[in-house]
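Now for the letters of each chain:
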Amino acid sequence: MNQEIEMFSNALGKFQLQRLPLQKKQTLRAWDAADEYLLNYLRQTNALKAESKLLIINDQFGALATSLHQYTLQTWSDSYINQRSTSHNLKINHLDSALEYVPSTETPTGIFDIVLIKIPKTSALLEHQLIKLRPLIDSHTLIISSAMTRHIHSATLQLFEKILGTTTTSLAKKKARLIFTQHEKISAEVNSPYPKDYHVKSLGIHLSNHANVFSKDKLDYATLLMLDQFKKLPTAKHIVDLGCGNGVLGIIAQRYQEESNVNFLDESYMAVASAKMNYEKIYKHKSEANFLVSDCLDQFPHSNINLILCNPPFHQQHSIGDQTAWKMFTQSFKKLKKGGALWIVGNRHLQYSAKLKKIFGNSKIIAANDKFQVISAVRKG
Ligand SMILES: C[S@@+](CC[C@H](N)C(=O)[O-])C[C@H]1O[C@@H](n2cnc3c(N)ncnc32)[C@H](O)[C@@H]1O
């Protein structure tokens, strides 16, 4: 797909960058002023040495990794799309890099000289990452975080202070700020509180949730409304829980349809790991379920699906929009077998019913309350 390539200029060079997934009309850039501030600071302070070992955490579309490609790099994040964007951006710049990509469910191998952190949307993820970071650094490690000022709260700074040590911030530039942290709490051992569990009385199950999982403290109201309709689900041999989070939709669908093969897909490593952990705890004897980290249905190889269940996301990282929902709906139409159905739940104001009608030629409201609608659409042709 033709998407304009924008040029990211910073003190380390000029790089072509794109956001994945590629879109004809992309209005957002693949970097922000916080990336630029951080890279310029590293160059101005001569912090980078040829032999420096770097860890980059939550680099959104690879703006940091691409600019720092010549160093020994590990990049650590919960997003498969971030990983793919980084590879894509290195490729379009024809850059070779010995970069090692570490999913959030694994641990990088330290000790690092420099750790660069982009502040994530979820503070639980930051908390988990800072705790896991402690054995990977020492008192000489330079730890610099960056974010747009609107994403830095006093609770963010308190987390750094509590887990790592003294934390200060820079002046704001182009509405971005840097956060400097000294690692002082080297000896005291701290364990991550994640994954966290809760009990869902109405379903009679316990759900475990890694730090970055949607609904990590309690089930979402939209999800609950959809689950209430599951006795009306059409019988399906192959089911996909698309954007599975902790896997609750697929897990309960399996309860109604014991013979079905359920596939759990999400672009978050922590979501897929949580869904797997929950499914295996509940269905100890079953082994047919599949768990896949995927951007929507991109990595799912089959087109034999009879039923797709989806509570679509309404943001990608810090930006809000329905592009991912659109992609999920259009791909669902292509991947469903004739007669197969997509069931979704969404906020009424998002008007998903009209969107599904455009793609499928039909849509039906299964249930609604004052805030959400459960809607189905069937692939007829
Ligand atoms: C609103 S949550 C729903 C989670 C779960 N199904 C539930 O109802 O509790 C949306 C999920 O979509 C996932 N997601 C976001 N973008 C995605 C993408 N491009 N491909 C696959 N999953 C994605 C998010 O990680 C999140 O788990």
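1. Topic: the overall build of the protein
Looking only at helices and strands, the protein features ten helices and 20 strands. With the C-alpha coordinates of the protein rotated into their principal frame, the extents come out at 65 × 50 × 40 Å. Across the 381 residues in the protein, those meeting the buried criterion constitute 56%. Long-range contacts, defined here as pairs at least 24 residues apart, represent 68% of the contacts in the protein between residues at least 6 apart. Summing over all exposed atoms, the protein offers an accessible surface of approximately 17500 Å²; the carbon and sulfur share of this is 51%.

2. Topic: the sheet that holds strand E3 (residues 53-57)
Across the sheet, seven strands lie side by side as E5-E4-E3-E6-E7-E9-E8; this open sheet has mixed pairing. Every other strand in the sheet has two partners, leaving strand E5 (100-103) and strand E8 (167-169) as the edge strands with one partner each. Going across the sheet, the axis of each strand differs from the next one's by a mean of 20°, ignoring polarity. Sheet topology note: the E8/strand E9 (residues 176-181) ladder contains three bridges and is antiparallel. Following the sheet pairing, Thr167 is matched in E9 by Thr181.

3. Thoughts on the sheet that holds strand E12 (residues 238-242)
Spatially, E14-E13-E12-E15-E18-E20-E19 is the arrangement adopted by the seven strands of the open sheet, whose pairing is mixed. The open sheet is flanked by strand E14 (290-293) and strand E19 (364-368), the only strands paired with a single partner. Taking the axes of each pair of neighbouring strands and ignoring which way they run, one obtains an average angle of 20° across the sheet. Relative to strand E20 (residues 372-378), strand E18 (residues 336-347) is paired through seven bridges, and the arrangement is antiparallel. The partner of Ala341 across the bridge, within E20, is Val378. Contacts from helix H8 (residues 269-282) reach strand E13 (261-266) and E14, with the element oriented near 170° to E14.

4. Overview of the domain arrangement of the protein
In many reports, interface size means the accessible area that the parts give up when they come together. What the domain assignment lists for the protein is domain 1 (6-181) and domain 2 (196-378). Computed from C-alpha atoms alone, the centre-to-centre distance between domain 1 and domain 2 is 31 Å. Residue-level contacts link 27 residues of domain 1 with 20 residues of domain 2. For the pair domain 1 and domain 2, the summed buried surface comes to about 2100 Å²; carbon and sulfur atoms form 55% of the total. For the domain 1 face of the interface with domain 2, the top three residues by lost area are Asp78, Tyr80 and Lys121, together amounting to 30%. Of the charged contacts, one joins Arg84 and Asp298 as a salt bridge, the two residues approaching to 3.7 Å between their closest N and O atoms. When residues of the side of domain 1 that touches domain 2 are traced back to their parent elements, those giving at least two are helix H3 (80-92), E5 and helix H4 (123-133).

5. Let's talk about the packing of helix H9 (residues 323-335) against helix H10 (residues 352-360)
At a minimum axis distance of 10 Å, the contact between H9 and H10 shows a crossing angle of 35°. The interaxial crossing formed by H9 with H10 has right-handed handedness. Seen from H9, the contacting residues are Ala325, Trp326, Phe329, Thr330, Ser332 and Phe333; seen from H10, they are Tyr352, Lys355, Leu356, Lys358, Ile359 and Phe360. The residue inventory of the contact of H9 with H10, partitioned by class, reads eight nonpolar, two polar and two charged.

6. Quick word on the packing of aromatic side chains
Given two aromatic rings, one states the distance between the centres and the angle between the planes to describe the pair. Under the defined criterion, the tally for this structure stands at eight aromatic pairs. For the pair Phe8 and Trp31, a centre-to-centre distance of 4.8 Å together with 25° between the ring planes defines the contact as stacked. Residue Phe8 is located in strand E1 (residues 6-10), and its partner Trp31 is located in the loop between strand E2 (13-17) and helix H1 (33-44); the two are separated by 23 residues in the primary sequence. Plain terms: the ring middles of Phe329 and Tyr352 are 5.1 Å apart, the flat faces sit at 90° to each other, and that makes the pair edge-to-face. Taken as a pair, Phe329 in helix H9 and Tyr352 in helix H10 lie far apart in primary sequence, 23 residues in all.

7. Things to note about the site of the ligand
What surrounds the ligand is a group of 18 residues, the closest being Thr223, Gly243, Asp266, Asp295 and Cys296. One of the backbone N or O atoms of Gly243 is found 2.9 Å from a nitrogen atom in the ligand. Residue Cys296 places a main-chain N or O atom 2.7 Å away from a nitrogen atom belonging to the ligand. For the ligand, the protein covers 92% of the area, taking 600 Å² as the surface of the free molecule.

8. Remarks on the pattern of salt bridges
On inspection of all chains with the given rule, the structure shows nine salt bridges. Glu36 serves as the salt-bridge partner of Lys174, at 2.9 Å between the closest nitrogen and oxygen. Remark: Glu36 occurs in helix H1 and Lys174 occurs in the loop between E8 and E9; sequence separation between them is 138 residues. According to the relative accessible area criterion, Lys174 is exposed, its value standing at 60%. A salt bridge links Asp295 to Lys327, with the shortest nitrogen-to-oxygen separation between them at 2.9 Å. Of this pair, Asp295 sits in the loop between E14 and strand E15 (305-310) while Lys327 sits in helix H9, placing them 32 residues apart in sequence.

9. Let's talk about the pairing of strand E4 (residues 72-77)
The element E4 is largely enclosed, with a buried count of five among its six residues. As paired elements, E3 and E4 share five bridges and run parallel to each other. Its bridge partner lying in E4, Ile57 is registered against Trp76. One ladder, built from four bridges, connects E4 with E5; its direction is parallel. Counted as the bridge partner of Gln74 is Glu100 from E5.

Analysis parameters
- Residues numbered from 1 in each chain as written.
- Predicted model: local features only at pLDDT ≥ 70, side-chain atom pairs only at ≥ 80, totals over all residues.
- Heavy atoms only, no water.
- Helix = DSSP H or I, 4+ residues; strand = E, 2+ residues; numbered from the N terminus.
- Buried < 20%, exposed > 50% of the residue type's maximum accessible area, 1.4 Å probe, protein only.
- Contact = heavy atoms within 4.5 Å.
- Areas by Shrake-Rupley, 256 points an atom, 1.4 Å probe, with all protein chains shown as cover.
- Pairing = 2+ DSSP bridges.
- Axes fitted to C-alpha atoms, helices over the stretch in contact; angles between N-to-C directions.
- Domains from an automatic or database assignment.
- Buried area = accessible area lost by both parts, 1.4 Å probe.
- Salt bridge = Lys/Arg side-chain N within 4 Å of Asp/Glu carboxyl O.
- Left-handed = near helix turned anticlockwise from the far one by under 90°.
- Nonpolar A, V, L, I, M, F, W, Y, C, P; charged D, E, K, R; others polar.
- Phe/Tyr/Trp six-rings, centres within 6.5 Å; stacked < 30°, edge-to-face > 60°.
- Near = heavy atom within 4 Å.
- Polar contact = N/O pair within 3.5 Å; in protein donor to acceptor, adjacent residues only side chain to side chain.

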